[in-house]
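# Fold and geometry: a report
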Amino acid sequence: MGNKLPPGQFETKKWPVLHQGDVYKFDEEIWNFKLFGAVKEGRSLSFSEVMNLPKTISTIDMHCVTTWSKFGTSFEGIALRELVNLVELDKNVKYVKIYGYYDGDRFGYSANLPLDGLLGDDALFVFRWKDEENDWQDITPKHGYPLRFIPPESFYLWKGSKWASGIEFMKEDDAGFWEELGYSMTANPFKEERYRWD
Ligand SMILES: Nc1nc2c(c(=O)[nH]1)N[C@H]1C(S)=C(S)[C@@H](COP(=O)(O)O)O[C@H]1N2
Ligand SMILES: [Mo]
C-alpha cells in the first residue's frame, strides 16, 4: 500500500509486540462486544454475531510511536463501519473511543479517534493476518486475539486497541489511555503528531 516512511520512523520486517498489562485470555462464553454512548439503543454482540458480519481484507502499514514501522501486512477483519451500521447514532456523533482489555478490565485500555476517518476498508477489527514472510494465520494472543483494532496508517498504532471489547460513540473528542498521559489526540505519523501540547 503506502510503504511511505513517516518522519522519525525506521522500517522493521518483524512485527514487534507492545502493550501494557497481561495478555487477555479469550473465553467465548462470556466475551461480548458493546456498542454504546451517543446511540439510540446500545447493543451487546456475541462472538458469533460479530464473526457473522461481512469481512474485509486490507493491506495496511503500521506505525508505532516508539519509532518502528511495518509495511504491507494484510489483515482480514470486520470493518468498523459494519458495526456502526448496527446502531442508530445520535445527531453530531463525530468521535469514537475503542476499548480493549487491560489486566482483566474490559474498559481498561482505550483510544479516541474521529469517526469520519474510520469508515473505509482500512479500519478493521482483525482476526487474521499475513505478510511477505508469513502465510494467513490467526492473530496471536499477544497481538490481540480474538479481535483487535488496526487503525488506518494515518494514525499511530496505539490507536489500535488489542483484545477489543467495544466502541463508544461520542459527540466531543475525549482522551483515551495514552492520550490522557500526554499522547496526541490526532496522532498522524506523517505529521509526527506524537504528543499533545494543550
Ligand atoms: N488493549 C491494549 N491494546 C493496545 C495496547 C495496550 O497496552 N493494550 N498498546 C497499544 C500500543 S502502544 C501499540 S504500539 C500496539 C502494538 O500492537 P502489537 O503488539 O500488535 O504490535 O497495540 C496498542 N493496543
Ligand atoms: Mo505504542
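Residues numbered from 1 in each chain as written. Chains lettered and ligands numbered in written order. Predicted model: local features only at pLDDT ≥ 70, side-chain atom pairs only at ≥ 80, totals over all residues. Heavy atoms only, no water.

As annotated in an unreviewed UniProt entry, the protein chain is Sulfite oxidase-like oxidoreductase from Exobacillus caeni.

### With respect to the sheet that holds strand β11 (residues 164-170)
One open sheet holds the 5 strands; their spatial order is β3-β2-β11-β6-β7, and the pairing between them is mixed. The open sheet terminates on both sides in strands that have one partner only, identified here as β3 (43-45) and β7 (105-114). On average, each strand axis in the sheet is inclined to that of its neighbour by 20 degrees, with strand direction left out of account. For strand β2 (residues 33-37) and β11, the ladder comprises 4 bridges, and the chain directions are parallel. (Pairing = 2+ DSSP bridges. Helix = DSSP H or I, 4+ residues; strand = E, 2+ residues; numbered from the N terminus. Axes fitted to C-alpha atoms, helices over the stretch in contact; angles between N-to-C directions.)

### Some points on the site of ligand 1
Lining the immediate environment of ligand 1, one finds 19 residues, of which P16, Q20, H143, R148 and K162 sit closest. Taking L18, its main chain carries an N or O atom lying 2.8 Å from an oxygen atom of ligand 1. Separating an oxygen atom of ligand 1 from a side-chain N or O atom of R148 is a distance of 2.7 Å. Here the shell around ligand 1 is composed, by residue class, of 12 nonpolar, 5 polar and 2 charged. (Near = heavy atom within 4 Å. Polar contact = N/O pair within 3.5 Å; in protein donor to acceptor, adjacent residues only side chain to side chain. Nonpolar A, V, L, I, M, F, W, Y, C, P; charged D, E, K, R; others polar.)

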